[in-house]
Amino acid sequence: MWDVIVIGGGTAGMPTAIFAARRGAKVLVLERADELGGTLHLSSGQMSAAGTKRQAKVGIQDSADDHYDDVMRICKDTADPTLVRLAVDHAAETYDWLEQEGFVPIEGHPVLGHAHEPYRTRRYYWGPDMGRSILKTLLPLFQAEVKKGGVTLQLETTVTALVTDARGGVTGVRAKGKDGKEIVYEGKNVVLAAGGYSSNGALFKELSGHPQYCDAAWKYALGDGLNLGKSVGATWRGAEQYLCSFGAVLQTDTIPAKILARPIHHPEVRLPWEISVNAHGKRFVREDVPSVDIREHALLRQPNLRHWLVFDDAIFAAAPPVLVDHTREQIAAHFAKDHPMFKKADSLRALASAAGFDPANIEATVAAYNDAVASGFDVLGRQHKPVKIEKAPFYAIRVQGTSISSTVGLGADEQLRVTDAKGKPIPGLYAAGEVLGSAQTMGGAFVGGMMVMPALTFGRLLGQRLLQWSATARAAAE
Ligand SMILES: Cc1cc2nc3c(=O)[nH]c(=O)nc-3n(C[C@H](O)[C@H](O)[C@H](O)COP(=O)(O)OP(=O)(O)OC[C@H]3O[C@@H](n4cnc5c(N)ncnc54)[C@H](O)[C@@H]3O)c2cc1C
């Protein structure tokens, strides 16, 4: 009988095991992959935490209360207040612990960051190797607990079912090893730390209403945790909070496709010279609006979550390159290859036909934009309008709104107990990480660092407190 069975040895599962073992628990970690780390292999690893020692060292006054207010401001109060509170209240101690164990952020961190709607204060940190910097810190700590005998790790082992008792409490798991044999492991507590579902196209579509266009998530982010939870009565929540990013250029027209490049759409980094048009050949957002959240929500309302950057030869020659880490010559090479995402033509109508957006409207759209350049007044309020779009050839780059994390997750309470449709905890079952869904910690927005940090924080908290929490729950039930 194990004290704790952890399903998934990734971002949340590793700290759960480390801290539970340090408190004397006998821990079994079952991991589907042939290595530990999960999404940390791919993640940008950007974390937010307030009231850290590093902030104090550089004179930044910050607090969990301010962090909480900022998260709720950015997501417009759509996240789960209980879980956000739990995450931010314990983020600083988790971040400080990482640094104490050897994690070193990039010089000059914390920063405000610009990829997402910025915080009011510098509380955003990541390492030079992004998610892997965190993994490098966690691995030796995990291995030390394995060596001491507190943690038993089984790789290439997929949990296929939860085992329950007559009262519906979870008492173990059924898992398939690499020999294909199914074994039942009995446990006093089971932690679902199996990640999200962003690599499961069918489930992603069912829950978001959109295809999973982008292949960027961990290969085993297949929704196993959600399905295991559901099988014992757990509720799923958050679907209405789905949001896509303002987009990436994909490598191919297949679904899903890998990311080829990212447009620089943050006006504080590069002001836009191009216009963005939707499938109707119409502009749909002020391209230089400072709020990335406004741009993302505008794209969410467009067909296929897609837009095209349209520009002319004069802009191509004069503007700074529009794609991250690309020279003008590298961008020209994509057009020369007739790449599905890069189209060039001698007229706007021909460009629209080649790229696949509405040719009937594009001339009117560009004419209206050119008038705005001449008059200085743009109906969408755009400020930066350096030149008209009028010199052939014309260019279009297709940009796809993408998602790399999973919005929907299992209901859970302030002790990270998985809950049913009535909000009642399912005995013996806990959850941490993306299996809780991004909607719980970010709501209907992308809030910087509010996935990786809560996954680590909740994992660490469970490791520290789960034995005590579950003993109290058992005593109350008897
Ligand atoms: C490209 C990318 C960039 C990102 N950047 C950021 C960022 O900068 N900041 C941020 O806050 N968030 C970011 N995220 C999100 C964040 O990294 C994840 O939400 C977080 O790492 C997930 O942690 P987790 O423990 O829930 O899942 P994981 O770390 O994926 O761990 C889950 C583990 O469970 C295993 N597993 C799955 N099913 C089973 C099963 N049936 N049996 C046994 N094991 C199983 C998996 O193999 C995996 O190892 C990013 C995500 C991606 C994909």
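Look above for the structure.
Below is a short write-up of the structure.

Calculation rules
Residues numbered from 1 in each chain as written. Predicted model: local features only at pLDDT ≥ 70, side-chain atom pairs only at ≥ 80, totals over all residues. Heavy atoms only, no water. Phe/Tyr/Trp six-rings, centres within 6.5 Å; stacked < 30°, edge-to-face > 60°. Buried < 20%, exposed > 50% of the residue type's maximum accessible area, 1.4 Å probe, protein only. Near = heavy atom within 4 Å. Polar contact = N/O pair within 3.5 Å; in protein donor to acceptor, adjacent residues only side chain to side chain. Nonpolar A, V, L, I, M, F, W, Y, C, P; charged D, E, K, R; others polar. Salt bridge = Lys/Arg side-chain N within 4 Å of Asp/Glu carboxyl O. Helix = DSSP H or I, 4+ residues; strand = E, 2+ residues; numbered from the N terminus. Pairing = 2+ DSSP bridges.

### Considering the packing of aromatic side chains
Then, number 1: Counted by the stated rule, this structure contains 17 aromatic pairs.
Then, number 2: Look at Tyr-124 and Trp-126: their rings are 5.2 Å apart centre to centre, the planes differ by 75°, and that puts the pair in the edge-to-face class.
Then, number 3: Taking the relative accessible area as the measure of exposure, Tyr-124 reaches 3% and is therefore buried.
Then, number 4: Aromatic pair Trp-218 and Tyr-220: ring centres 6.3 Å apart, planes at 75°, arrangement edge-to-face.

### Side note on the site of the ligand
Then, number 1: Close to the ligand lie 34 residues; Thr-11, Glu-31, Thr-39, Asp-224 and Glu-434 are nearest.
Then, number 2: Within the side chain of Thr-11, an N or O atom sits 2.7 Å from an oxygen atom of the ligand.
Then, number 3: One nitrogen or oxygen atom from the main chain of Met-451 is found 2.9 Å from an oxygen atom belonging to the ligand.
Then, number 4: Here the residues of the shell around the ligand are counted per class, giving 15 nonpolar, 15 polar and four charged.

### Remarks on the pattern of salt bridges
Then, number 1: Considering all chains together, one arrives at 28 salt bridges under this definition.
Then, number 2: For the salt bridge of Glu-101 with Arg-22, the shortest nitrogen-to-oxygen distance reads 3.9 Å. Linking Glu-101 in the loop between helix H5 (91-100) and strand S4 (124-125) with Arg-22 in helix H1 (residues 13-22), this pair joins segments that are 79 residues apart in sequence.
Then, number 3: On the basis of relative accessible area, Arg-22 is assigned to the partly exposed category, the value being 38%.
Then, number 4: When the shortest N-O distance is used, the salt bridge between Glu-156 and Lys-178 registers 3.6 Å. Residue Glu-156 is located in the loop between strand S5 (151-154) and strand S6 (158-164), and its partner Lys-178 is located in the loop between strand S7 (170-176) and strand S8 (182-192); the two are separated by 22 residues in the primary sequence.
Then, number 5: The class for Glu-156 is partly exposed, based on a relative accessible area of 33%.

### A word on unusual backbone geometry
Then, number 1: Between His-109 and the following residue, Pro-110, the backbone shows a cis peptide bond with an omega angle of 10°.
Then, number 2: With respect to the helices and strands, Pro-110 occurs in the loop between H5 and S4.
Then, number 3: Residue Pro-256 is reached from Ile-255 by a cis peptide bond, and omega for that bond is -5°.
Then, number 4: One non-glycine residue, Asp-325, adopts positive backbone phi at about 55°.
Then, number 5: Relative to the helices and strands, Asp-325 is located in the loop between helix H10 (313-318) and helix H11 (328-336).

### Regarding the pairing of S8
Then, number 1: Note: strand S1 (residues 2-7) against S8, five bridges, orientation parallel. Following the sheet pairing, Trp-2 is matched in S8 by Gly-187.
Then, number 2: By the bridge criterion, five bridges tie S7 to S8 in an arrangement that is antiparallel. Paired with Ala-175 across the strands is Ile-183, a residue of S8.
Then, number 3: Count of turn residues in the S7/S8 antiparallel hairpin: five residues, of which Gly-180 carries a positive phi of about 85°.
Then, number 4: Here three bridges tie S8 to strand S18 (residues 425-431), and the two strands are oriented parallel to one another. Residue pairing for S18: Val-190 is matched across the bridge by Leu-429.

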